Amino acid sequence: MTRPDVAAFFDPRTWSVQYVVSDPRSRQCAIIDPVLDFDEKSGATATVNADKLLDFVRKQDLEVRWILDTHPHADHFSAASYLKAKTGAATAIGARIVDVQKLWAGIYNWPDLRTDGSQWDRLFDKGETFEIGDLRVGVMFSPGHTLASVTYVVGDAAFVHDTVFMPDSGTARTDFPGGSANALWSTIQDIMALPEDTRIFVGHDYQPGGRTPLWESTVASQKSQNVHLTRYTREEEFVAFRNERDATLPMPKLILHALQININGGRLPEPEANGQRYLKFPLNALNGAAWG
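*Asks:* With reference to specific residues and values, describe the overall build of the protein chain.
*Replies:* Summing up its helical and strand segments, the protein chain has 7 helices and 15 strands in all. Its C-alpha atoms give the protein chain a radius of gyration of 18 Å, near enough to 19 Å, the size a compact globule of 292 residues would have. Taking the principal axes of its C-alpha atoms as reference, the protein chain extends roughly 55 × 50 × 35 Å. Contacts in the protein chain between residues at least 24 apart in sequence constitute 67% of all its contacts with a sequence separation of at least 6. Split by element, the accessible area of the protein chain, about 13200 Å² in all, is 50% carbon and sulfur. Averaging the positions of the 29 positive and the 37 negative side-chain charges in the protein chain gives two centres separated by 2 Å.

Structural data, given as structure tokens:
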């Protein structure tokens, strides 16, 4: 099986892992799940993470062909729009982003939002393929954490984001609007059906026990060591566990900030008459208050 080069970039502020996956022969690459920096206390945005990716690409003499998001993120802003402006590369996400846009357009009372996915250059359906140089990329539909989540399988590497985490961290939550523990179970079964030596690259690492960040495992190690999958081996057990646990979790601190950026392709709000950009989010729209 083809083995792409994979470089990972960990963002400790959001526990996110960003990737540059490249074809060793053609030197073409894709950037997966890039982070646009945001400080919720000051309202400041920055491109520190994204510029690190660009610096790496330049130093490795790579050509960026794709900027890919696995799903609309709830804990950080996507840097897809910024990176497209810098590289000219095509942006893409799963085709069911349109369902997430329609759902959140209602939550935000945002009638002017385009809910046809036209903020991206391409929307990938389940089973579609595309190329990064000589590398063939397959798209798996991976709902559960969100309605629109996808996995990108590039040779022997699968970029699974919020489905499974490192084996000592288990699996992703499913209590966001449009999430489903049953759907996540089915998604995980699809991922575990990949060849056992498939490299699994996760989208977050929460460093249990304070260990150093990790992001790469294999299908085999997930099957034998994942703390949730080895304990909850039947769908009904897993779903009951996931729903019970998720009911105790607070919402991510940036979910209402991030979704209005990420369902719009990583674009910040347009400046208003005074030249200032403003975020808008609803009060009392989601469960998960700290005192709940």
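Moving on from the coordinates now.
*Asks:* I'd like to hear about the packing of aromatic side chains, residue by residue, with values.
*Replies:* Scanning all chains against the criterion turns up 17 aromatic pairs. The interplanar angle of 20 degrees and the centroid separation of 4.6 Å between the aromatic rings of Phe 38 and Phe 77 together place this pair among those described as stacked. With a gap of 39 residues between them, Phe 38 in strand 4 (residues 35–39) and Phe 77 in strand 7 (residues 77–78) connect regions that are remote in the sequence. A ring pair is formed by Trp 104 and Tyr 108, whose centres lie 5.4 Å apart and whose planes are at 40 degrees; its orientation type is tilted. Assigned by exposure class, Trp 104 and Tyr 108 land together as buried. One aromatic cluster is present, formed by Trp 66, Phe 124, Phe 130 and Tyr 152 through successive ring pairs.

*Asks:* Pulling in residues and values, what's your account of the pairing of strand 10 (residues 129–132)?
*Replies:* Where burial is concerned, the two faces of strand 10 differ: the one with Phe 130 and Ile 132 is buried and the one with Thr 129 and Glu 131 is not. Looking at chain direction, strand 10 and strand 11 (residues 135–141) are connected through 4 bridges and run antiparallel. Of the residues in strand 11, the one forming a bridge with Thr 129 is Gly 138. Hairpin connection from strand 10 to strand 11: 2 residues lie between these consecutive antiparallel strands, with Gly 133 at a positive phi of about 60 degrees.

*Asks:* I'd like a rundown of the sheet that holds strand 6 (residues 63–68), residues and numbers included.
*Replies:* Strand order in the open sheet formed by 6 strands is 1-2-3-6-8-9, with mixed pairing between adjacent strands. The open sheet has two edge strands with one neighbour each: strand 1 (5–11) and strand 9 (122–124). The sheet shows a mean angle of 25 degrees between the axes of neighbouring strands, taken without regard to direction. Bridge count for strand 6 against strand 8 (residues 90–94) is 3 bridges, and the pairing is parallel. Counterpart to Leu 68 in the pairing with strand 8 is Ala 92.

*Asks:* Can you explain the pattern of salt bridges? Please cite residues and give values.
*Replies:* Counted under the stated rule, the structure contains 17 salt bridges. A salt bridge links Asp 121 to Lys 84; the shortest N-O distance between them is 2.9 Å. In this pair, Asp 121 sits in the loop between helix 3 (97–107) and strand 9 while Lys 84 sits in helix 2 (residues 80–87), placing the two residues 37 residues apart along the sequence. Judged by its relative accessible area of 45%, Asp 121 falls in the partly exposed class. With a shortest N-O distance of 3.0 Å, Arg 234 and Glu 236 are connected by a salt bridge. You can call Arg 234 partly exposed: its relative accessible area is 46%. Under the relative-accessibility criterion, Glu 236 is labelled partly exposed at 49%. Counted as one network, the salt bridges with shared partners bring together Arg 3, Asp 156 and Arg 199.

*Asks:* Let's hear about the environment of Asp 37: which residues, and what values?
*Replies:* Within the secondary structure layout, Asp 37 lies in strand 4. Judged by relative accessible area, which is 12%, Asp 37 ranks as buried. Along the primary structure Asp 37 and Phe 56 are separated by 19 residues, whereas in three dimensions their C-alpha atoms are 18 Å apart. Side chain to side chain, Asp 37 and Asn 49 meet in a polar contact 2.7 Å long.

Conventions used here
Residues numbered from 1 in each chain as written. Predicted model: local features only at pLDDT ≥ 70, side-chain atom pairs only at ≥ 80, totals over all residues. Heavy atoms only, no water. Helix = DSSP H or I, 4+ residues; strand = E, 2+ residues; numbered from the N terminus. Rg over C-alpha atoms; globule rule 2.2 N^0.38 Å. Contact = heavy atoms within 4.5 Å. Areas by Shrake-Rupley, 256 points an atom, 1.4 Å probe, with all protein chains shown as cover. Lys, Arg positive; Asp, Glu negative; His and termini not counted. Charge placed at Lys NZ, Arg CZ, Asp CG, Glu CD. Phe/Tyr/Trp six-rings, centres within 6.5 Å; stacked < 30°, edge-to-face > 60°. Buried < 20%, exposed > 50% of the residue type's maximum accessible area, 1.4 Å probe, protein only. Pairing = 2+ DSSP bridges. Axes fitted to C-alpha atoms, helices over the stretch in contact; angles between N-to-C directions. Salt bridge = Lys/Arg side-chain N within 4 Å of Asp/Glu carboxyl O. Polar contact = N/O pair within 3.5 Å; in protein donor to acceptor, adjacent residues only side chain to side chain.

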